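Examination of the molecular architecture
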Amino acid sequence: MNTSASADVLVVGGGVIGLSIAWRAAQRGLRVIVADPDPGSGASRAAAGMITPVSEAAYTERELFRLGSESQRRYPAFTAELTELTGEPTGYRQAGTLQVAYDADDLTLLGGY
């Protein structure tokens with residue numbers, strides 16, 4: 001391991017998010033180091049790759065919902081770019097999300113989005 005390397009950006013974590021950040025930073029001409037003893041084995045494996053702003057944000061988290069919705073809108077272009085550059089499919093598909101209301105309060109919350 002080279003411990004004397006220098007970089008403009010240090011990304012800790014080699015999962016989907018960390019590698020995406022590192023990739024975009026490198027595209028902008030920055031020198032990037034990704035530190036992860038076991039890339040792809042952490043949160044990326046557990047998160048199931050879903051972008052579901054309705055089920056991720058509580059009713060009081062309007063800004064988080066807007067961020068998730070914008071991410072969901074942009075993600076297809078991001079995955080298409082990855083596929084074009086690598087020649088490998090990402091496995092992304094837009095299948096929708098089933099959100100279940102267990103009672104009237106849940107139904108009210110779901111109707112707020």
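Below is a short write-up of the structure. (Residues numbered from 1 in each chain as written. Predicted model: local features only at pLDDT ≥ 70, side-chain atom pairs only at ≥ 80, totals over all residues. Heavy atoms only, no water.)

Following both chains from N to C, one finds helix H1 (residues 16–27) and helix H4 (residues 62–86) inclined at 70°, their axes separated by 13 Å at the closest point. In terms of axis orientation, H1 runs roughly perpendicular to H4. In contact with Ser 20, Trp 23, Arg 24 and Gln 27 of H1, H4 contributes Phe 78, Glu 81, Leu 82 and Leu 85. Its residues assigned to classes, the contact of H1 with H4 shows four nonpolar, two polar and two charged. (Axes fitted to C-alpha atoms, helices over the stretch in contact; angles between N-to-C directions. Helix = DSSP H or I, 4+ residues; strand = E, 2+ residues; numbered from the N terminus. Parallel < 35°, antiparallel > 145°, perpendicular 65-115°, else oblique. Contact = heavy atoms within 4.5 Å. Nonpolar A, V, L, I, M, F, W, Y, C, P; charged D, E, K, R; others polar.)

Taken together, Val 16, Ile 17 and Ile 21 make up a surface patch of nonpolar side chains, about 300 Å² in accessible area. According to the relative accessible area criterion, Ile 21 is partly exposed, its value standing at 46%. (Patch = residues over 30% accessible without salt bridge, like charges linked within 9 Å, V, L, I, M, F, W, Y side chains within 5 Å. Areas by Shrake-Rupley, 256 points an atom, 1.4 Å probe, with all protein chains shown as cover. Salt bridge = Lys/Arg side-chain N within 4 Å of Asp/Glu carboxyl O. Buried < 20%, exposed > 50% of the residue type's maximum accessible area, 1.4 Å probe, protein only.)

Moving on to the packing of aromatic side chains. Summed over all chains, the structure comprises three aromatic pairs. Look at Tyr 75 and Tyr 92: their rings are 5.0 Å apart centre to centre, the planes differ by 75°, and that puts the pair in the edge-to-face class. Within this pair, whereas Tyr 75 is found in helix H4, its partner Tyr 92 is found in the loop between H4 and helix H5 (104–111), the two being separated by 17 residues in sequence. According to the relative accessible area criterion, Tyr 92 is partly exposed, its value standing at 29%. Site record: aromatic cluster; members linked through ring pairs are Trp 23, Tyr 75, Phe 78 and Tyr 92. (Phe/Tyr/Trp six-rings, centres within 6.5 Å; stacked < 30°, edge-to-face > 60°.)

Okay, the pairing of strand E1 (residues 9–12) next. Two strands pair when backbone bridges link them, and E1 and strand E2 (residues 32–35) are joined in this way by four bridges, in the parallel orientation. Within E2, the position partnered with Val 11 by the bridge is Val 34. Between E1 and its parallel partner E2, the chain crosses via H1, and the hand of that crossover is right-handed. (Pairing = 2+ DSSP bridges. Right-handed = clockwise from strand over helix to strand, strands pointing away.)

The tally for this structure, following the rule as stated, stands at five salt bridges. Between Glu 63 and Arg 66 there is a salt bridge, and its shortest N-O distance comes to 2.6 Å. With Glu 63 and Arg 66 both in helix H4 and three residues apart, this pair spans about one turn of that helix. Accessibility expressed as a relative area gives 58% for Glu 63, which makes it exposed. Through salt bridges with shared partners, one network takes in Glu 70, Arg 73 and Arg 74.

By themselves, these observations are geometric and do not establish any function.
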